[in-house]
Amino acid sequence: MQPVFRFAPSPNGELHLGHAYSALLDFDLCRRAGGRFLVRIEDIDPARCRPEYEAQILDDLAWLGLAWEQPVRRQSEHFSEYAAVRARLEDMDLVYPAFLSRADIAAAARDPDWPRDPDGAPLYPGADRDLDPAEAARRIAVGAPHAFRLRMDAAAARAGPLAWSESGAGPAGETGTVAADPRAWGDVVLARKETPTSYHLSVLVDDAAQGVTHVVRGRDLFHATSVHVLLQRLLGLPTPTYHHHRLVTDASGRKLAKSDRDTSLRSLRAAGATVADIRAMVGLEAD
Ligand code: GLU
């Protein structure tokens, strides 16, 4: 089977050197493997994503020398597929409507021993995990803000031990066969009242729908892979090979952000940088 790689930017800002590294490495690995290359636009957040950014991103990727199959998949055009997959998880009794606000969660997390997820956010307290379904339906009917969350303990128990094949490395050097630890994330969000999907749900549905066999992405998403592998097992979907790569940092060692104008590809291009310059700046060997 021909390998399938994808690059999946969110159009909520301009690409910077960190994205350039990710995209170029991804495309290099794809070519080396004789694979097909896809670009996916991860635009589930209408408040932050803009068509102008998407156009600029595609222009930058073409300038970098990437070539991808058409049409580009846009997540905002597939909300009904994500809802259908969420419904399957609901049928397994693995989803509940959660009503605690950010302030409620922060209040619980004032306890210094409160568990936190790998990104440092407090785990969901789960006070409404066993709320009477009639009461939950009443709250939803009157428009109460809510999120649909995974019953993590039940989901992880149902899935059993999980692992994935890592050809890059995690933050602590994890590589090879890596044991997944989805419980570290607690009851993750699958959808919200105003957004019918979440990052985890849409990534996992799309990777399967597009037949992706190789995921190349930044090490900041290494731990999220545990959630993706769990959902793949529950839904009977294949698990791709993952390659998490180092993050490009600025002179002071901080991860680059979309707001750092001086490392944006657009400004580097305007200043006359060539693709060879970009490759050298991010530590990739010449093409
Ligand atoms: N859309 C994510 C980002 O821009 C990447 C998701 C992924 O590669 O799984 O950071």
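Here, the structure is the one placed above.
Since we're looking at a predicted model, the values are computed, not measured. (Residues numbered from 1 in each chain as written. Predicted model: local features only at pLDDT ≥ 70, side-chain atom pairs only at ≥ 80, totals over all residues. Heavy atoms only, no water.)

(A) A look at the packing of helix 3 (residues 79-91) against helix 7 (residues 199-209). One way to put it is that helix 3 packs onto helix 7 with a least axis distance of 10 Å and a crossing angle of 100°. Considering their axes alone, helix 3 and helix 7 lie roughly perpendicular with respect to each other. Where helix 3 abuts helix 7, its residues Tyr82, Val85 and Arg86 lie against Leu201, Ser202, Val205 and Asp206. Within the contact of helix 3 with helix 7, the residues separate by chemical class into 4 nonpolar, 1 polar and 2 charged. (Axes fitted to C-alpha atoms, helices over the stretch in contact; angles between N-to-C directions. Helix = DSSP H or I, 4+ residues; strand = E, 2+ residues; numbered from the N terminus. Parallel < 35°, antiparallel > 145°, perpendicular 65-115°, else oblique. Contact = heavy atoms within 4.5 Å. Nonpolar A, V, L, I, M, F, W, Y, C, P; charged D, E, K, R; others polar.)

(B) A look at helix 7. Along helix 7, 8 of the 11 residues are buried, which leaves the element largely enclosed by surrounding structure. Listed in full, the buried residues belonging to helix 7 are His200, Leu201, Ser202, Val203, Leu204, Val205, Asp206 and Asp207. (Buried < 20%, exposed > 50% of the residue type's maximum accessible area, 1.4 Å probe, protein only.)

(C) How the structure looks around the packing of aromatic side chains. Summed over all chains, the structure comprises 5 aromatic pairs. A centroid spacing of 6.3 Å and a plane angle of 65° characterise the contact between phenylalanine 79 and tyrosine 82, whose relative ring orientation is edge-to-face. With phenylalanine 79 and tyrosine 82 both in helix 3, this residue pair falls 3 residues apart, about one helical turn. The class for tyrosine 82 is buried, based on a relative accessible area of 0%. (Phe/Tyr/Trp six-rings, centres within 6.5 Å; stacked < 30°, edge-to-face > 60°.)

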